[in-house]
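An overview of the molecular structure
Each chain, written out:
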Amino acid sequence: MADPQGFLHIVKKEARKRPVAERVHDWHEVYAPQSPADRATEVSEQAARCMDCGIPFCHSGSAGCPLGNLIPEWNDLVRRGRWSAASERLHATNNFPEFTGRVCPAPCESACVLSLADTHTTGSVTIKRIEQAIADVAWESGTVVPKPPMIATGRKVAVVGSGPAGLAAAQQLTRAGHDVTVYERDDRLGGLLRYGIPEFKMEKAILDQRLMQMRAEGTHFVTDCEVGVDLTVEQMRENFDAVVLAIGALRGRDNTTVEGRELNGIHLAMEHLVTSNKECEGDGPATITAKGKHVVIIGGGDTGADCLGTAHRQGALSVTQLDYNPELPAERDEAATPWPAWPMVLRTSPAHAEGGVRRYQVAVQRFLGDENGNVRSMVLAEVRVTREDGKRIITPVGEEIELPCELALFAIGFEGVDLGPLLDDYGLSPTRRGSLSCGPDWQTTAPGVFVCGDAHRGASLVVWAIAEGRSAAHAVDVYLTGASDLPSPVHPTALPLAVV
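Residues numbered from 1 in each chain as written. Predicted model: local features only at pLDDT ≥ 70, side-chain atom pairs only at ≥ 80, totals over all residues. Heavy atoms only, no water.

1. Some thoughts on the packing of helix H9 (residues 164-175) against helix H18 (residues 462-481)
Packed helices, taken two at a time, are described by the angle their axes make and the gap between the axes. What counts here: Note on definitions: angles span 0 to 180 degrees between N-to-C directions of axes, and those axes are lines fitted to C-alpha atoms, for helices only across the stretch in contact. We count a stretch as a helix when DSSP gives it H or I for four or more residues in a row; a strand needs E for two or more, and each element gets its number in order from the N terminus. By convention the crossing between two helices is left-handed if the near helix lies anticlockwise of the far one by an angle smaller than a right angle, and right-handed if it lies clockwise. By definition in these notes, contact holds between two residues if any of their heavy atoms fall within 4.5 Å. Polar here means any residue other than Ala, Val, Leu, Ile, Met, Phe, Trp, Tyr, Cys and Pro, which are nonpolar, and Asp, Glu, Lys and Arg, which are charged; Gly is therefore polar.
At a closest axis distance of 7 Å, the pairing of H9 and H18 adopts a crossing angle of 35 degrees. Here H9 and H18 pass one another in a crossing that is right-handed. Taking contact as the criterion, the partners of Pro 164, Ala 165, Ala 168, Ala 169, Gln 172 and Leu 173 in H9 are, on H18, Val 462, Ala 465, Ile 466, Gly 469, Arg 470, Ala 473, Val 476 and Asp 477. Taken together, the residues of the contact of H9 with H18 sort by class into ten nonpolar, two polar and two charged.

2. So, the sheet that holds strand E2 (residues 179-183)
Condition: By definition, two strands form a pair when at least two bridges between them are found by DSSP.
Within the open sheet, the five strands sit side by side as E3-E2-E1-E4-E13. Their pairing is parallel. For this open sheet the edge positions go to strand E3 (220-222) and strand E13 (449-451), each flanked by a neighbour on one side alone. On average, adjacent strands in this sheet sit at an angle of 20 degrees to one another, irrespective of strand direction. In the sheet, E2 pairs with E3 via three bridges, with the strands oriented parallel. Bridge pairing in E3 links Tyr 183 to Val 222. Against the sheet, H9 engages strand E1 (156-160), E2, E3 and strand E4 (242-245), with an angle of about 165 degrees to E2.

3. Description of the UniProt feature "domain: FAD/NAD(P)-binding" (unreviewed entry) in the chain
What counts here: UniProt positions are given in the numbering used here, feature names are shortened, and annotations may be inferred rather than shown by experiment.
Per the UniProt annotation, the sites labelled "domain: FAD/NAD(P)-binding" (unreviewed entry) are residues 156-469. Regarding residues 156-469, the helix share stands at 27% and the strand share at 25%, and the terminal C-alpha atoms are separated by 17 Å.

Take a look at the structure:
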């Protein structure tokens with residue numbers, strides 16, 4: 001650490017964003033382009049704010065990064081301009097830092113010691129920005145190259161699902177010398193990275209360059225193939241020595257009890273995001289569009305924010321985002337979520353800065369339609385949320401309000417893995433939470449069948465998906481060979497630090 005007081009005199013600077021008036025008219029990433037020289041200077045200065053703590057909570061598995069990213073180490077390397085070495089240290093723990101540097105909400109920053117004094121000039125080190133810069137410089141300089149295995153084990157592994165968990169498991173197992181094939185039921189690879197995350201958050205060229213590297217390393221990919229339907233479980237047993245289920249938790253939560261839910265123009269959030277991302281891929285106009293419509297998004301989380309930014313770019317007349325919870329405070333409540341736990345505070349994404357209205361402590365009561373069966377408005381009511389025996393009770397307490405609505409999007413979370421012949425034929429049943437359970441070795445009750453990512457954890461962060469994919473790969477390697485040098489950053493029962 002060159003300056004132990006660097007955080008005192010270097011002002012915290014996040015990456016600059018493009019003007020709202022410009023970025024809402026295209027699908028490019030929201031951040032302003034920066035010359036390599038300016039980026040290197042600014043990011044190196046930000047890295048100098050790192051205190052190199054004696055106990056670095058930022059990469060603590062329970063409070064900060066579940067991958068165990070060696071954050072103080074690569075901060076110091078960036079400060080000294082050693083970008084290639086920084087990339088090596090970053091890739092030692094993270095297969096896809098160009099993904100996490102863009103879409104991870106950065107629990108590492110919340111666990112940073114400097115976040116104890118979070119103001120406009122101080123606050124946490126800009127870890128996420130530094131991570132993205134290291135990854136981008138590595139790709140631009142050619143530092144990221146294929147790493148094919150030195151030996152072949154002769155063992156064959158199938159990975160079902162090509163999201164971040166599946167890709168991480170596949171890359172680790174390929175590099176260990178196994179013959180790995182990834183099966184994806186969609187027409188393109190990437191899972192939610194491809195069709196769930198909007199282009200303005202992560203351009204898909206970022207994903208494609210990593211897939212090219214994986215192909216060059218020897219990983220095989222098959223798209224448009226639903227395992228359990230197009231490829232039977234019996235065929236999987238015959239052709240593979242082990243199987244990794246990284247099928248996500250894509251069963252969207254709905255509310256079919258709301259009067260008028262059957263009207264045209266009411267969709268789950270992922271239906272909207274998928275068709276929009278397909279348009280960005282060149283598949284023709286989106287079949288669900290906000291253009292010229294009053295849009296209401298039901299749900300206040302990240303998926304709702306993604307729908308918000310998408311609606312702006314599609315030309316919505318207005319966008320309202322609903323949340324039945326009270327508005328969160330701007331600053332951490334030390335009693336409720338003390339440092340270094342993830343703080344429950346109001347977060348504003350770039351999409352919120354682009355417009356729209358956020359309404360709290362309200363819930364939809366019914367939808368109203370026109371003579372053609374299309375939704376034209378919704379009726380809201382102020383509500384109070386309580387809990388009884390662990391169940392959430394939402395009670396209307398105020399007057400009803402009618403709100404124009406020609407496109408309604410449910411962004412209220414996910415209920416777990418998709419049901420179907422894949423699980424049935426393996427004899428696997430989801431838990432009460434909709435996820436698939438496993439033993440301490442990531443193996444399900446079906447011999448040789450492992451699970452990781454959202455399919456095991458439930459809908460979670462990309463950084464947890466990668467961590468679980470890496471850990472499951474270690475377990476598969478042990479299962480096939482008896483031992484493994486692959487890292488295993490998290491245990492199946494690992495949970496983020498929280499107050500209960």
